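Per-entry structural report
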Amino acid sequence: MADRYQNHTHQQGGGDSYGTYGEGGGPDGYGYQADYPSQEEDAASDATEGHDEEDQMYEGEYQGIPHPDEVKAAQRAARAKARPAGSTISDLEELSEQYEDIMEDCGHGKFQWTLFVVLGLALMADGVECFVVAFALPSAEKDLCLSNAEKGMLGLVVFLSMMVGAFLWGGLADKLGRRRCLMVALAINCVFAFLSSFAQGYGFFLFFRLLSGIGIGGTVPIVYTYFSEFLQMEKRGEHLSWLCMFWMMGGIYASFTAWGVIPRYGWGFSMGSEFQFHSWRVFVLVAALPAIMSLVGLTFMPESPRFLLENAKHDEAWMILKQVHDTNWRAKGQPEKVFTVTHIKAPKTAEDEFIEIQTATGTPVQRWAVRSLRICKLVLRNVASLLSAELRFATLFMAIIWFCMAFSYYGLSVWFPDMIKHLQHEEYESRLKTFHGERVENFQFNFSLENQIHREGEYIRDKFVGIEMKSVKFEDSLFEDCLFEDIRSTDTMFENCTIRSTIFYNTDLWKEKFIDCRMENNTFEHNKHGCHLDTTDENDVLVYLVSFLGSLAVLPGNIISALFVEKIGRVRIIGGSMLISAGCSFFLLLSFSQSAIIALQCLFCGVSAAAWNGIEVVTVELYPASKRATAFGVLNALCKLAAVLGSSIFASFVGITKAIPILLSFTALVCGGLVALRLPDTRQKILQ
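Residues numbered from 1 in each chain as written. Predicted model: local features only at pLDDT ≥ 70, side-chain atom pairs only at ≥ 80, totals over all residues. Heavy atoms only, no water.

Counted only if it meets this: UniProt positions are given in the numbering used here, feature names are shortened, and annotations may be inferred rather than shown by experiment.
Naming follows an unreviewed UniProt entry, where the chain appears as Synaptic vesicle glycoprotein 2B of Nothobranchius kuhntae. The UniProt entry for the chain carries this comment under Sequence similarities (unreviewed entry): "Belongs to the major facilitator superfamily." On record in UniProt, under Subcellular location (unreviewed entry), the comment for the chain is "Cytoplasmic vesicle, Secretory vesicle, Synaptic vesicle membrane".

Right, dumping it as structure tokens:
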């Protein structure tokens, strides 16, 4: 095999824009030898020595089952027959068909399943990233002393950074390589996620999460592009849909780890008063594990051979394809199967501007600057080509579908938990206790006060010792000669009160909690200044539960889409799922309880998963290899922009009206579903 590989040369024809890799020919002009090459070519492996042809008898011959090689030959003949008579096949189409034939010969086996797990972990890391800040924020806002505006910015920066990352890494992956860009993106995510867990200030935490999001933003466009180029046509839709399940697993993983780690306050540590490492920071660290595992796994995976062929790196592509072939057939117990490809059509490098600048004059910094500028120009040119005549309508249709789906999905994903919290708050307020005109003298309050309003009360020589005040408000009240000691408060305030000769010792009652109050001869000693994490406050388990159920509900949608994406078709999966999701959102108008909203959320997420799977499969199949990651990155960036708009708009109507968010979601899903039905069917389409 080594002797045959050394004979591979790159022949260049005069006017042909493609070169021929290797020698020899075969049926349809492809470089395939017979299933068992002659010994003169020294192509047979040592594993076949001593075997007769009779030993290789096909087991299904007497059962009338066609040999797999006969099936492949029939499929190739059918593709050739499907071409219009007299039409000439372009070099790009010839490369695409030959690459599909090679992947069919390589089979689907151990190599693809290994890559499936490695890339699935990267996709899982993307799913985790969408939940990290949301789960950590309730504790982080107390630890970092965040205002409402700062909390909003922290949630916003997650999607904005992922939007930038999708556009950046998607474009670079078509010029620098899928594996290379994915590894760098994951490494950036891991490093800055690690640093963010130790950041003690809001500014550093925001900055590190921004860079972490830019890194993880590149995973979705690269993962689908990368994996699709190792799949044959008949396996592509199904296995890309199975890959989507890892995003669901990311949501489940984030929910479980947040539930298991964040309430465990003893897991943290502190170094004086300046450095605090609470359990929510441990959760941020643990959330980075899928990205770390994927990064380690990628070190053992090769680059996409289709990318290498597009960049005329023939030798590397041939070696990787041989590796895929041998890995799969050895795992199937047929090590004697020989990789019979002798030449591959591939583009020349003459018209490729992306050339290593090694002999140019200037310093290394200057060469790096010129190289970087050229890469940027090539990426932007690739982005502009998505609006060319042959891709314009595909890009427009896919942009509408991605935007409508993301606007509704992410908007409702925020609206569901916020609406449940609002219903809980309304129920909590309905149990509010009001005390009017009470007079209490020489009494010690040794029980907690919660959800109360005290108006025009008088408290003379009373003691409030070692208690918690939660959602308590004193209005127009008098406190004289009182003692407040070891007090912990939440949503507690004193408004228009008179406070005289009162001692506040070791409390968190500071000036902001006294509104328009008259303070006379009072003493504050050892007060708890600044922000602090209340370790006795119970976490709202419902936040984790709702996210967990929403992620788990995706499972049926994933399974159905994976099983039927080849039978029903991508277009019907997308259009039907979006229209059913629109119906689910409309029924939210009739729901008035927490259980009904949670049930509809699960149904909506499950049906939406099928739509997402179809959208991602079609996006891969509509674009050629040289633009595939770029197109996916642009559309995924548009998705994140729609997510920002949807979540912001929907959240602003919580507690005001639910009709507007629901009608917006319904309209967007119907519009996207109808547009999806106009897409071409790509089931039998060879990847360009």
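**Topic: the sheet that holds strand β12 (residues 458-460)**
Put simply, the test is: Strands are labelled as partners when DSSP assigns at least two bridges between them. Only DSSP runs of H or I with at least four residues qualify as helices, and only runs of E with at least two residues qualify as strands; both kinds are numbered from the N terminus onward. Axis definition: a line fitted to C-alpha atoms, limited for helices to the stretch in contact. Angles are taken between N-to-C directions and run from 0 to 180 degrees.
Sheet architecture is open: five strands sit in the order β9-β12-β15-β18-β21, paired in parallel fashion. What marks the edges here is a single partner per strand, and that holds for β9 (439-441) and β21 (518-520). Sheet twist, expressed as the average angle between the axes of neighbouring strands with direction ignored, equals 5°. Judged from the three bridges that link them, β9 and β12 form a sheet pairing that is parallel. Looking at the pairing, Arg 439 lines up with Glu 458 of β12.

**Comments concerning the pattern of salt bridges**
This is how the line gets drawn: By definition here, a salt bridge exists when the distance from a side-chain nitrogen of Lys or Arg to a carboxyl oxygen of Asp or Glu is within 4 Å. Each residue is assigned to one of three classes by its accessible area relative to the maximum for its type, calculated with a 1.4 Å probe on protein chains only: buried under 20%, partly exposed between the two thresholds, exposed over 50%.
Scanning the entire structure with this criterion turns up 18 salt bridges. Measuring nitrogen to oxygen at the nearest pair gives 3.5 Å for the salt bridge that ties Arg 461 to Glu 441. One end of the pair, Arg 461, is in the loop between β12 and β13 (463-465); the other, Glu 441, is in strand β9, with 20 residues separating them in the sequence. Arg 461 sits in the partly exposed class, given a relative accessible area of 40%. On the basis of relative accessibility, which here comes to 35%, the residue Glu 441 falls in the partly exposed class. Here the salt bridges do not stand alone but share partners, grouping Asp 174, Arg 178, Glu 229 and Arg 628 into one network.

**Considerations on the confidence of the model for the chain**
The following threshold applies: The predictor rates its confidence in each residue with pLDDT, a number between 0 and 100. Contacts are residue-level and defined by heavy atoms, with any inter-residue pair within 4.5 Å sufficient.
Of all residues in the chain, 80% attain a pLDDT of 70 or more, and the chain-wide mean is 78. Low pLDDT, under 50, characterises residues 349-359; the predicted model gives this stretch 15 contacts beyond four residues in sequence or across chains.

**Brief notes about a nonpolar patch on the surface**
Going by this rule: Like-charged residues are merged into a patch within 9 Å and nonpolar side chains (Val, Leu, Ile, Met, Phe, Trp, Tyr) within 5 Å, provided each residue has over 30% relative accessible area and no salt bridge. Exposure was quantified through the Shrake-Rupley algorithm and a 1.4 Å probe, taking into account, for residues, occlusion by the shown protein chains and nothing else.
Together, Leu 289, Ile 292, Met 293, Val 296 and Phe 300 make up an exposed nonpolar region whose accessible area comes to about 500 Å². By the element assignment, Ile 292 lies in helix α12 (residues 289-298).

**Observations concerning the nonpolar core**
Threshold: Residues belong to one nonpolar core when they are buried, are Ala, Val, Leu, Ile, Met, Phe, Trp, Tyr or Cys, and are joined through side-chain atoms within 4.5 Å. Here the bounds of each domain stem from an automatic or database domain assignment.
Counting 152 residues, the largest nonpolar core has Tyr 224, Leu 298, Met 398, Ile 401, Trp 612 and Tyr 623 as its most contacted members. Here this core takes 19 residues from helix α4 (residues 110-143), the largest share from any one element. Shared between two domains, this core takes at least three residues from each, and those domains are domain 1 (87-347) and domain 2 (354-384). Setting aside anything within four residues of it in sequence, one finds Trp 612 in contact with Trp 402, Met 405, Ala 406, Tyr 409, Tyr 410 and Cys 639. Counting 20 residues, the second largest nonpolar core, distinct from the first, contains Ile 467, Phe 479, Phe 494 and Cys 517.

**With respect to the environment of Phe 192**
Topologically, Phe 192 is positioned in helix α6 (residues 178-198). Setting aside chain neighbours within four positions, we find Phe 192 in contact with Phe 208, Leu 211 and Ser 212.

**Notes on unusual backbone geometry**
The backbone of Arg 461 sits at a positive phi, close to 50°, despite the residue not being glycine. Positive phi is not limited to glycine here, since Asn 521 has a value of about 55°. Structurally, the position occupied by Asn 521 is in the loop between β21 and β22 (523-525). Look at Asn 521 and you get exposed, because its relative accessible area is 65%.

**With respect to the state of the cysteines**
The line we're drawing: We call a pair of cysteine sulfur atoms a disulfide when they lie within 2.5 Å.
Tallied over the entire structure, the rule returns zero disulfides. Cysteine Cys 639 is unpaired, with the sulfur of Cys 130 as its nearest cysteine sulfur at 8.8 Å. Note on Cys 639: relative accessible area 2%, which makes it buried.

**Comments concerning α12**
The cut-off we apply is this: To obtain the arc, one takes the directions from the helix axis to the C-beta atoms.
Listed as buried for α12 are Pro 290, Ala 291, Ser 294, Leu 295, Gly 297 and Leu 298. Burial along α12 is one-sided: seen end-on, the buried residues are contained in an arc of 165°. Contact partners of the buried residues in α12: α4, α6, α8 (219-228), α10 (245-261) and α11 (279-286).

**Quick look at the environment of Val 220**
Position of Val 220 among the secondary structure elements: in helix α8. Here Val 220 falls in the buried class, since its relative accessible area comes to 5%. Separated by 409 residues in sequence, Val 220 and Ala 629 place their C-alpha atoms 9.5 Å apart. The residues touching Val 220, leaving out its near neighbours within four places in the chain, are Leu 123, Asp 126, Phe 632 and Asn 636.

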